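Below are the chains, spelled out letter by letter.
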Amino acid sequence: MAAPTALTVNYTRIQTLTSYFQHCRRSKRWINLKTVNRRSPFCQSLKRHVATVVSGTELARQIHKEVQSDIAKLVAQGNRRPHLSVILVGDDHASHTYVRNKTRTASLLGMSSSTIFRPSSVSQEEMLELIYKFNKDRSISGLLVQLPLPAHINERAICNAVAPEKDVDGFHIVNIGKLCLDQRCMVPATAAAVWEIIRRTGIETVGKNVLVVGRSKNVGMPIAMLLHSDRNHERPGGDATVIMAHRCTPLPRLKELASLADVVIAAAGVPHLITADMVKEGAAIIDVGINRMQDPVTGKLRLVGDVDFEAVKEKAGFITPVPGGVGPMTIAMVMKNTVTAAKNAPTY
Ligand SMILES: Nc1nc2c(c(=O)[nH]1)N[C@@H](CN(C=O)c1ccc(C(=O)N[C@@H](CCC(=O)O)C(=O)O)cc1)CN2
Ligand SMILES: [Mg+2]
């Protein structure tokens, strides 16, 4: 994608500054950028271009096409059509929306799917029994339990009950273990989404400074695992120098770390935590945050990320929006994981 934009911006800027310096040297003037005449032709192009906004919706479309074609090939070869099963507990509105998006996308791409609804009073035993039944069902390629679960259910026990080969969320302890050991595995969809955004946009990570803000086991941790690990291992990594910040990182330290980062992944769940003064010019900013906030003008709920998008886009090289960034890519990666599960399923 538009990697040259950022380069062009910097190059233009360097060129402009160089000719300004040459001009000043020729006219024997001291260069004091504070007293630079802002109307001079040199200064007009000192104005920075805004970041390339990376559309997760567009990238997700690319992945959908690839997944659709993989499914068509699998089926044409006489294999079973991939099937995604989802277990959805309770009546959380957002969870229902996400699950609907998953099953809708599955059917658009040529997969079958099913959602099993349970009330929030469901017992852990009933959940485990359901999962064991689905694990054995050969018509199901991929299985996921939508999170969060009610407080009386042990989320870890549920994630570990899903058969690792059907675990399209990559939350089973075996898949997490493999991820940490750089082995081929089901990569959690949000982390896989961030990885694909970086790769498909041409954002460099080898030897670069990456700051992951947020250390959740389902998002921040797997993203950091992917980005710091070795590109030549079985499950290739980004070979970056990764630093993780979290709620115990003092704000001045967060600012310091962010100002050194070539890539910032914001996954803290704190609206507008990352502000323009923190980030390095030209950095790539990936916003994983999904926060619902009341708009002070309209009073309506509005979706905002962990990044102050409007201000940061004036300084960054690349930036993902919320909505329309990591979110749609997360759904696309669940689809990709389901096809991988179908491909790896035994044919007997
Ligand atoms: N079992 C899982 N539970 C949860 C996961 C997960 O990966 N597996 N992640 C999140 C929810 N999630 C997917 O399940 C998810 C969240 C957001 C989006 C998305 O497309 N967001 C849109 C905005 C939509 C909105 O909320 O209005 C966007 O960012 O453009 C997709 C998937 C927690 N649970
Ligand atoms: Mg998004």
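Residues numbered from 1 in each chain as written. Chains lettered and ligands numbered in written order. Predicted model: local features only at pLDDT ≥ 70, side-chain atom pairs only at ≥ 80, totals over all residues. Heavy atoms only, no water.

J.: How should I be thinking about the overall build of the protein in this particular structure?
T.: Counting its secondary structure elements, the protein contains 12 helices and 11 strands. Sorting the 348 residues of the protein into buried and exposed places 46% on the buried side. Accessible surface, the protein as shown: approximately 17,900 Å² in total, 55% of it carbon and sulfur. (Helix = DSSP H or I, 4+ residues; strand = E, 2+ residues; numbered from the N terminus. Buried < 20%, exposed > 50% of the residue type's maximum accessible area, 1.4 Å probe, protein only. Areas by Shrake-Rupley, 256 points an atom, 1.4 Å probe, with all protein chains shown as cover.)

J.: Can you help me understand the side chain of Asn337 in this one?
T.: In this fold, Asn337 is placed in helix H12 (residues 326-344). According to the relative accessible area criterion, Asn337 is buried, its value standing at 9%. Excluding its chain neighbours within four sequence positions, the residues that come into contact with Asn337 are Val168, Met186 and Val187. (Contact = heavy atoms within 4.5 Å.)

J.: What's the story with the UniProt feature "domain: Tetrahydrofolate dehydrogenase/cyclohydrolase NAD(P)-binding" (unreviewed entry) in the protein in this structure? I'm lost.
T.: Mapped onto the present numbering, the UniProt feature "domain: Tetrahydrofolate dehydrogenase/cyclohydrolase NAD(P)-binding" (unreviewed entry) falls at residues 188-344. As annotated, residues 188-344 has a helix share of 35% and a strand share of 18%, and its two end C-alpha atoms lie 17 Å apart. (UniProt positions renumbered as here; feature names shortened; annotations may be inferred.)

J.: What should I look at first to understand helix H4 (residues 93-108) in this one?
T.: Structurally, the α-helix is built with 3.6 residues per turn, so residues lying three or four positions apart point the same way. Taking 1.5 Å per residue as the helical rise, H4 with its 16 residues ought to reach 22 Å, and the 22 Å between its terminal C-alpha atoms agrees with that figure. Every buried residue of H4 is accounted for by Ala94, Ser95, Val99, Lys102, Thr103, Thr105 and Ala106. Buried positions in H4, seen along its axis, are confined to an arc of 165° and lie on one side of it. Projecting away from the buried face of H4 at angles above 90 degrees are the exposed residues His93, Arg104 and Leu108. Among the structural elements, helix H3 (56-76), strand S2 (83-89), strand S3 (112-118), strand S4 (142-145), strand S9 (291-294) and H12 are those in contact with the buried residues of H4. A positive phi of about 100° marks Gly110, the residue just after H4. (Expected span 1.5 Å × (residues − 1). Arc of directions from axis to C-beta.)

J.: I'm lost on the UniProt feature "domain: Tetrahydrofolate dehydrogenase/cyclohydrolase catalytic" (unreviewed entry) in the protein in this one. Help?
T.: When the UniProt feature table is mapped to this numbering, "domain: Tetrahydrofolate dehydrogenase/cyclohydrolase catalytic" (unreviewed entry) covers residues 55-169. Strand forms 16% of residues 55-169 and helix 50%; the C-alpha atoms that close the span are 23 Å apart.

J.: Would you explain the site of ligand 1 in this entry?
T.: Near ligand 1 lie 15 residues; those nearest to it are Lys102, Val145, Asp169, Arg292 and Gly324. Between an oxygen atom of ligand 1 and a side-chain N or O atom of Lys102, the distance comes to 2.6 Å. For ligand 1, a nitrogen atom lies 2.9 Å from a polar atom in the backbone of Leu147. Expressed as a share of its isolated accessible area of 680 Å², the protein-covered part of ligand 1 is 80%. If you map ligand 1 onto the pockets, it falls in the largest pocket. (Near = heavy atom within 4 Å. Polar contact = N/O pair within 3.5 Å; in protein donor to acceptor, adjacent residues only side chain to side chain. 1 Å grid on protein atoms, 1.4 Å probe; cavity = no way out; pocket = protein on both sides within 12 Å on 5 of 7 lines; lining within 4 Å. Sits in = over half its atoms within 2 Å of the grid points.)

J.: Would you mind going over the environment of Val270 with me for this structure?
T.: By secondary structure assignment, the location of Val270 is in the loop between strand S7 (263-266) and strand S8 (284-287). Separated by 49 residues in the primary sequence, Val270 and Ile319 place their C-alpha atoms 17 Å from one another. Beyond its immediate sequence surroundings of up to four residues, Val270 is in contact with Asn291, Gly305 and Asp306.

J.: So what exactly am I meant to see when it comes to the sheet that holds S3 here?
T.: What links the strands of a sheet is backbone hydrogen bonding, and the strands pair in either a parallel or an antiparallel sense. What the three strands build is an open sheet, ordered S3-S2-S4; its pairing is parallel. The sheet terminates laterally at S3 and S4, the two strands that pair on one side only. Geometrically, the sheet is characterised by an average inter-axis angle of 15° between neighbouring strands, direction not taken into account. Together, S2, S3 and S4 form the strand contacts of H4, whose direction differs from that of S2 by roughly 170°. (Pairing = 2+ DSSP bridges. Axes fitted to C-alpha atoms, helices over the stretch in contact; angles between N-to-C directions.)

J.: What exactly am I supposed to notice about the pairing of S3 here?
T.: Direction of pairing for S2 relative to S3: parallel, over a ladder of seven bridges. Each bridged residue has a counterpart across the sheet, and for Val86 the counterpart in S3 is Thr115.

J.: Mind showing me how you'd approach the sheet that holds strand S6 (residues 241-245) here?
T.: Spatially, six strands are ordered S1-S11-S8-S7-S5-S6 in an open sheet, and the strand pairing comes out parallel. Taken across any chain shown, the strands that pair with only one partner, and hence form the sheet edges, are strand S1 (52-53) and S6. Looking at chain direction, S1 and strand S11 (residues 318-319) are connected through two bridges and run parallel. Among the inter-strand pairings, Val53 is bridged to a residue of S11, identified as Ile319. Against the sheet, helix H9 (residues 220-228) engages strand S5 (209-213), S6 and S7, with an angle of about 165° to S6.

J.: How should I be thinking about the nonpolar core in this particular structure?
T.: Grouped together as the largest cluster of nonpolar side chains are 54 residues, with contacts concentrated most on Ile223, Ile265 and Met335. If one sorts the elements of this core by residue count, H12 sits on top with 10 residues. Those residues in contact with Ile265 that sit more than four places away from it in its chain are Val194, Ile198, Val210, Leu211, Val212, Val213, Ile223, Leu227, Ile286 and Val288. (Core = buried A, V, L, I, M, F, W, Y, C linked by side-chain atoms within 4.5 Å.)

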